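Each chain, written out:
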Amino acid sequence: MRAGAVIREAGYDGEYGVIRLFADGEIGRLQHVGVLFAPSAEKDTIASSRPSTAATTPVTRLANTKEEGPKESGAELDAEQRAAVMHHAGPLLIIAGPGTGKTRTLIHRLAYLVRQRGAAPEACLAITFTRRAAAEMAARLTPLLGDEAEKVLVTTFHGLGLRLVREQAGRCGLEKEVAVASDEQRREAAIAAGARPGEVARWLERISRAKRSGSPGEDEEIVARYDRVLRSANLVDFDDLIALPLRLLEKDDELRRFYRQRWQWLFVDEFQDIDLCQYRLLRCLAAADANLCAIGDPDQAIYGFRGSDARLFGRFQADFPDCRIIALQRNYRSTPPIVDAAMQAIEPETLAHGRLLAAVRADGNPLLIRPCATDKDEAEFVVEMIEKFLGGHSFFSIDSGRSGRGMSDLSFGDFAVLYRTAAQAAAFCEALGRAGIPCQCHSHESLLDQPLVRDLMAYVEKTPPDHSWRERFMAAAAMMPADQQAQSREFTAALLPVAERCGQDMARLRSEIAILSDIDFLDPRAERVSLLTLHAAKGLEFRVVFITGCEEGILPLYFGGEPQDLAEERRLFFVGLTRARERLILTHARRRLWRGSVREMQPSRFLADIAERLIDRLPGARRKSRKDDRQLSLFS
Ligand code: ATP
Ligand code: MG
């Protein structure tokens, strides 16, 4: 809406006109990729003047083109990005810092290969980290490829795994209608396999770790018993979605050849966060000379606790010895103070030594750091700042006498409030709610970890199966306790399109939901402030970013009195800093309710690594009556 991309159809003779946000077919395309929500189409469209060549087979078409490159109108790519886009054969590794256009390059490369190099869209497989990112990528491909975009498979590793398990169910010893086990079913399987009631959570954790590592070691017997129970009910669990296809493909040359023939152009975004089993699966799909393009940033590796391993960059280079490596060094996202601060913050533990990252933008204000008396004060401060920004307040001309560019065109969707743990969200939700500021709150956790979703789905399962999904969800929402009905309506709206793709198949819907995470429901077009865990903010960008809770114990997060993986905590801080395009505000509280008791907190050690010249320190907990706030005159 902000871009003015609204479709207005005039009314006539007593009929109302229609205002539409979606063009014909757009909803269908978004549903096709799995999530209704999608960002507005990228403005930097490669609108090729070349007619698209319809694919005749799902393999590479013979390109009847000369090497022109992506010179289509509006395609802004720098020399390195262009080189990456136009590298048309063999393995390619793009290692680059945040905001350098990695994701954009990946999308343009895929479009270029289809439009200019004759790659069949059905032969392209793009893998990214979340369903939301996959949906965004698919939506950004649409203006570049038109209807051909629908033929490209854009998915996550687990989405790909589910597809492979379904396609190869027989070979895995499963029936075709195989489903992903719910948490309840996993718990029952653990008990049936021998876990005592108090041990179930620990057993499931051990089983999951064993499956993710690919070598169960001393847990082999437990895993085998648990798997037998699941298989007898035609069930797999989340980790099986990678482990089963991997086992199958690693031992079956013919099957590997089959899939290598099907997907001849492979693209992987956020490579730094894949784990060894996912890498091995990728390796099965890609021969040593495959057209595999992997993109990532070792300094943004933040899923070590789930087994991801940034050392796989080295393994990639060993396994694909002829790979071309391209570095991108220009940051298009953030202002110079933000880029400089982020580089200083990561420097002590960087995994990309000697890397350059230069901001393309010339303007920029210093970071703001604000000490807060308590966590409540922190939430109030964030609300107050958002109100001031929205009111066109220029902090530097008023607060410290420095000149600052007004940001009067900001709206709610331009703000993100980031924090280390989901437990910190409640204070911000409450304070924003009190101020009447709309927000959306998401974490990186599995959707089924949300009690509300679990309850909603339990009620849906009780509704008559011959009714439409809409009726079933409405009936389920009505069965929820009164105080949960408004938030469940939101999940209903989000889950309904997923359900409608599953026919009447409840088991299939359960499987689809099992591979979704909460962040998949972030709506980038919503005019709401985004409240996100730092993990969930990966890959996103906002004009104004608050990183809250910059305190020892929280960021870095302590386990048992000290950080478990200080380097990964630092990378998480780095990811947070680099989400900001124009303004970055860091807060820390001196006292907060944390893990059940009120504690005195110290500022995060990470703040000390940022040079003073890049910072404006705001005075703490200054109580000002609202009438003292000076508003900028509308007419000045
Ligand atoms: P991250 O590491 O956070 O995932 P990234 O490297 O994937 O970042 P993108 O999200 O692709 O970066 O791009 C960051 C921003 O810079 C986007 O707004 C994108 O449109 C813009 N951008 C990238 N390349 C260019 C370019 N050549 N010209 C103008 N803008 C660009
Ligand atoms: Mg990216």
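Only a predicted model underlies this, so the values are computations on that prediction, with no experimental measurement involved.

K.L.:
Residues and numbers for the site of ligand 1, please.
P.N.:
Taken together, 18 residues are adjacent to ligand 1, and Gln81, Lys102, Arg333, Glu541 and Arg579 come closest. Take Glu76: an N or O atom from its main chain is 3.1 Å from a nitrogen atom of ligand 1. Per-element accounting of the shell around ligand 1 gives the leading share, 3 residues, to helix α3 (residues 102-116). Here the residues of the shell around ligand 1 are counted per class, giving 3 nonpolar, 8 polar and 7 charged.

K.L.:
Summarise the sheet that holds strand β5 (residues 153-156); cite the residues concerned and give the values.
P.N.:
An order of β5-β4-β8-β9-β3-β10 is seen for the 6 strands of this open sheet, with the pairing classed as parallel. Either end of the sheet is taken by a strand with one partner, and the two such strands are β5 and β10 (324-328). Geometrically, the sheet is characterised by an average inter-axis angle of 15 degrees between neighbouring strands, direction not taken into account. In this structure, strand β4 (residues 124-128) lies alongside β5, joined through 4 bridges in parallel fashion. By the bridge assignment, Thr128 is partnered in β5 with Thr156. Packed onto the sheet, α3 meets β3 (92-96), β4, β8 (265-268), β9 (291-296) and β10 and runs at close to 170 degrees relative to β8.

K.L.:
I'd like a rundown of the packing of aromatic side chains, residues and numbers included.
P.N.:
Counted according to the given criterion, the structure contains 12 aromatic pairs. Their ring planes at 80 degrees and their centres at 5.0 Å tell us that Phe258 and Tyr259 sit as a pair that is edge-to-face. Note on Phe258: relative accessible area 44%, which makes it partly exposed. Centre to centre, the rings of Phe316 and Phe320 are 4.6 Å apart; their planes meet at 35 degrees, and the pair counts as tilted. Residue classification places Phe316 among the buried positions, given a relative accessible area of 0%. Counting every residue linked through ring pairs, the aromatic cluster contains Phe271, Tyr279, Phe313, Phe316 and Phe320. Over the ring of Phe320 we find Arg283, and its NZ or CZ is 4.9 Å from the ring centre. Its end group placed over the ring of Phe129, Lys538 keeps NZ or CZ at 3.4 Å from the ring centre.

K.L.:
Tell me what's going on with unusual backbone geometry, and back it up with residues and numbers.
P.N.:
Look at the link from Leu555 to Pro556: it is a cis peptide, with omega at 10 degrees. The topology assignment puts Pro556 in the loop between β17 (542-547) and β18 (558-559). Even without a glycine there, the phi angle at Asn234 is positive, about 55 degrees. Positionally, Asn234 belongs in the loop between α8 (220-232) and β7 (235-236). A positive phi angle, close to 55 degrees, is found at Glu270, a residue other than glycine.

K.L.:
Can you explain the environment of Ala567? Please cite residues and give values.
P.N.:
Assignment of secondary structure puts Ala567 in helix α21 (residues 566-577). Each C-alpha atom, one on Ala567 and one on Pro348, is 8.9 Å from the other, the two residues being 219 residues apart in sequence.

K.L.:
So, the pattern of salt bridges: which residues are in play, and what are the values?
P.N.:
For the structure on display, the rule yields 52 salt bridges. For the salt bridge of Glu199 with Arg196, the shortest nitrogen-to-oxygen distance reads 3.3 Å. Of the residues examined, Glu199 reaches a relative accessible area of 18% and is grouped as buried. Shared partners join several salt bridges into a network, and the residues in it are Arg361, Asp363, Asp409, Asp414, Arg543 and Glu582.

K.L.:
Lay out the packing of α3 against helix α4 (residues 131-145) with the relevant residues and their values.
P.N.:
For the pair α3 and α4, the least separation of the axes is 10 Å and the interaxial angle reads 40 degrees. By the criterion of interaxial angle, the relationship of α3 to α4 is oblique. In this structure, α3 crosses over α4, and the sense of that crossing is right-handed. Packed against α3, whose contacting residues are Thr103, Arg104, Leu106, Ile107, His108, Leu110, Ala111, Val114 and Arg115, the element α4 presents Met137, Arg140, Leu141, Leu144 and Leu145 at the interface. Taken together, the residues of the contact of α3 with α4 break down into 9 nonpolar, 2 polar and 3 charged.

K.L.:
Provide a residue-level description of helix α12 (residues 312-319), including the pertinent values.
P.N.:
For α12, the full list of buried residues reads Leu312, Phe313, Phe316 and Asp319. Viewed along the axis of α12, the buried residues span an arc of 130 degrees, placing them on a single side of the element. Looking at the buried positions of α12, the neighbouring elements they touch are β3, α11 (276-285) and β9.

Calculation notes
- Residues numbered from 1 in each chain as written.
- Chains lettered and ligands numbered in written order.
- Predicted model: local features only at pLDDT ≥ 70, side-chain atom pairs only at ≥ 80, totals over all residues.
- Heavy atoms only, no water.
- Near = heavy atom within 4 Å.
- Polar contact = N/O pair within 3.5 Å; in protein donor to acceptor, adjacent residues only side chain to side chain.
- Helix = DSSP H or I, 4+ residues; strand = E, 2+ residues; numbered from the N terminus.
- Nonpolar A, V, L, I, M, F, W, Y, C, P; charged D, E, K, R; others polar.
- Pairing = 2+ DSSP bridges.
- Axes fitted to C-alpha atoms, helices over the stretch in contact; angles between N-to-C directions.
- Contact = heavy atoms within 4.5 Å.
- Phe/Tyr/Trp six-rings, centres within 6.5 Å; stacked < 30°, edge-to-face > 60°.
- Buried < 20%, exposed > 50% of the residue type's maximum accessible area, 1.4 Å probe, protein only.
- Lys NZ or Arg CZ within 6 Å of the ring centre and 35° of its normal.
- Salt bridge = Lys/Arg side-chain N within 4 Å of Asp/Glu carboxyl O.
- Parallel < 35°, antiparallel > 145°, perpendicular 65-115°, else oblique.
- Left-handed = near helix turned anticlockwise from the far one by under 90°.
- Arc of directions from axis to C-beta.

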